[in-house]
Amino acid sequence: MRKREPISKIMSDNVITLNSNDDLTTAEELFKTHQIRHIPIVQGQKVIGMLSHTDLMRVSYAETVEEFETEVDVVLNSVFTIEQVMTKNVVTIEKNNTIREVAEILAAREFHALPVVEEGELIGIVTTTDLIQFLLKQY
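Residues numbered from 1 in each chain as written. Predicted model: local features only at pLDDT ≥ 70, side-chain atom pairs only at ≥ 80, totals over all residues. Heavy atoms only, no water.

Asker: Which residues make up the overall build of the protein, and what values do they have?
Answerer: Looking only at helices and strands, one finds six helices and five strands in the protein. Shown N-terminal to C-terminal, the secondary structure of the protein runs as helices and strands in the order α-β-β-α-α-α-β-α-β-β-α. (Helix = DSSP H or I, 4+ residues; strand = E, 2+ residues; numbered from the N terminus.)

Asker: Help me get a handle on the side chain of Ser52, residues and values and all.
Answerer: For Ser52, the location among the structural elements is in strand β2 (residues 46–52). On the accessibility criterion, Ser52 (12% relative accessible area) is buried. With residues near it in sequence (within four places) discarded, Ser52 still touches Phe31, Arg37 and His38. (Buried < 20%, exposed > 50% of the residue type's maximum accessible area, 1.4 Å probe, protein only. Contact = heavy atoms within 4.5 Å.)

Asker: Any chance you could break down helix α6 (residues 128–138) for me, citing the residues and the numbers?
Answerer: Listed in full, the buried residues belonging to α6 are Asp130, Leu131 and Phe134. The buried residues of α6 occupy one face: seen down the axis, they fall within an arc of 100°. (Arc of directions from axis to C-beta.)

Listed below in structure tokens is the structure:
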């Protein structure tokens, strides 16, 4: 197994982001369109939060009330903002952190994605899926 590989080798660098002024309907559309589960919330290029598809599902009834999806979106946007739903105080990693270090962080925490930053600015994202795919390539 390759040791000391930097996370930049497996991270996604084409990151879909939102800012706190965007609405939750936009977030839901991005999750569906790009088939992703995590969206960093940024102010400029600085990460200020993280929104997961699970966070969105916790505050909506879209999965259980599909026939009323338009009504749910209206209610969702009139009741909650991204800032209210997103995770704040996000743990970030540097592009030179090793894959092992990142795996240890994800294994010890209850989240499944980490924004990758360089000098405080977002440059990528790494998920548990990225780690599993890396491990599978090793075997």
